[in-house]
Structure formats: structure tokens, C-alpha cells
Amino acid sequence: MQHILTAFSALDPLIALGVFVATAATDACYVAFTSAVVARKRLSAANWSSVWYMLSSFAVISYTENWVYVVFAAVGSWVGAFLSLTLLHRPGTAPAPIGSSPPE
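The rules behind these values
Residues numbered from 1 in each chain as written. Predicted model: local features only at pLDDT ≥ 70, side-chain atom pairs only at ≥ 80, totals over all residues. Heavy atoms only, no water. UniProt positions renumbered as here; feature names shortened; annotations may be inferred. Helix = DSSP H or I, 4+ residues; strand = E, 2+ residues; numbered from the N terminus. Core = buried A, V, L, I, M, F, W, Y, C linked by side-chain atoms within 4.5 Å. Buried < 20%, exposed > 50% of the residue type's maximum accessible area, 1.4 Å probe, protein only. Contact = heavy atoms within 4.5 Å. Axes fitted to C-alpha atoms, helices over the stretch in contact; angles between N-to-C directions. Left-handed = near helix turned anticlockwise from the far one by under 90°. Nonpolar A, V, L, I, M, F, W, Y, C, P; charged D, E, K, R; others polar. Phe/Tyr/Trp six-rings, centres within 6.5 Å; stacked < 30°, edge-to-face > 60°.

### Structural notes on the UniProt feature "transmembrane region" (unreviewed entry) in the protein
Then comes step 1: Cross-referencing UniProt, the feature "transmembrane region" (unreviewed entry) maps to residues 14–33 and 67–88 in the present numbering.
Then comes step 2: Strand forms 0% of residues 14–33 and helix 100%; the C-alpha atoms that close the span are 28 Å apart.
Then comes step 3: The span residues 67–88 is 91% helical and 0% strand by assignment, and the distance between its end C-alpha atoms comes to 32 Å.

### Observations regarding the nonpolar core
Then comes step 1: By size, the foremost hydrophobic cluster in this structure holds 5 residues: Cys29, Phe33, Ala36, Ala45 and Trp52.
Then comes step 2: Broken down by secondary-structure element, the contributors of at least two residues to this core are α2 (13–38) and α3 (42–63).
Then comes step 3: If you tally residues by element for this core, the top one is α2, at 3 residues.
Then comes step 4: Those residues in contact with Ala36, other than ones at most four positions away along the chain, are Lys41, Ser44 and Ala45.

### Considering the packing of α2 against helix α4 (residues 69–88)
What describes two packed helices is the angle between their axes and the distance between those same axes.
Then comes step 1: Packing of α2 against α4 brings their axes to within 7 Å, and their N-to-C directions diverge by 40°. Crossing of α2 against α4: the hand is right-handed. Residues Ile15, Ala16, Val19, Phe20, Thr23, Ala24, Asp27, Ala28 and Val31 of α2 touch α4, and the partners they reach there are Tyr69, Phe72, Ala73, Val75, Gly76, Ser77, Val79, Gly80, Ala81, Ser84, Leu85 and Leu88.
Then comes step 2: Classifying every residue of the contact of α2 with α4 by side-chain character gives 15 nonpolar, 5 polar and 1 charged.

### Topic: the packing of aromatic side chains
Then comes step 1: Inspection of every chain in the model, using the stated rule, returns 4 aromatic pairs.
Then comes step 2: Seen in terms of ring centroids, Phe33 and Trp52 are 5.2 Å apart; in terms of plane orientation they differ by 40°. Their pairing is tilted. On the criterion of sequence distance, the pair formed by Phe33 in helix α2 and Trp52 in helix α3 is long-range, its members being 19 residues apart. In terms of burial, Phe33 and Trp52 fall into one category: buried.

### Section: the environment of Ser49
Then comes step 1: Structurally, the position occupied by Ser49 is in helix α3.
Then comes step 2: Taking the C-alpha atoms as reference, Ser49 lies 9.9 Å from Ala36; in sequence the two are 13 residues apart.

This is the structure:
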């Protein structure tokens, strides 16, 4: 129990916020990357992939020092995926599935 209390007391609020924001942005980039891959947009997919790895490196480096940062990473990841899918899902703007007939 003392080990857990020590880990929590060693938290830096700015690092915790940075991990949260970095993982939220990482998941948003992952959603954009996946969307670009599905749409077969090579340049866009490559760009999103590089941003995705750059952002995730901050979180990984930060929470390897203290395992408690993983909690902030998980919450940030959830928020990033939820918000990016919420913003991407607009009724009537979804592209046609790959291989479908063009709209008339």
C-alpha cells in the first residue's frame, strides 16, 4: 500500500495533464489516420501516422517513469477517440463504402 501512495504522491500535475492531452490527441490522430487509410489517401495517412507516433512518444516517455500516468493516458485515449468520432460522424456526410456505385 505504501508503494501505491508513494507513486501517487510523486505525480507532477503538469506531466499528468500533458500525458492526458497527448493521448487524447494521439487517439484523434489515430482516428484520422484510419479514416485516411480507408479512403486510400496515402499522403494523408502517412502524415497522420507520423503525428500519431510523435504524440504517443511523449506519453510513453512520461508514464514509464511512474506507472500512475497510465491512468491519465487511458482517460486521454478514451476522450480523444470519443471526441474525434463525435466530430467526424455528421449525418449525411459519410462517404460511400469502397466499391459501391457512385451516387446518381
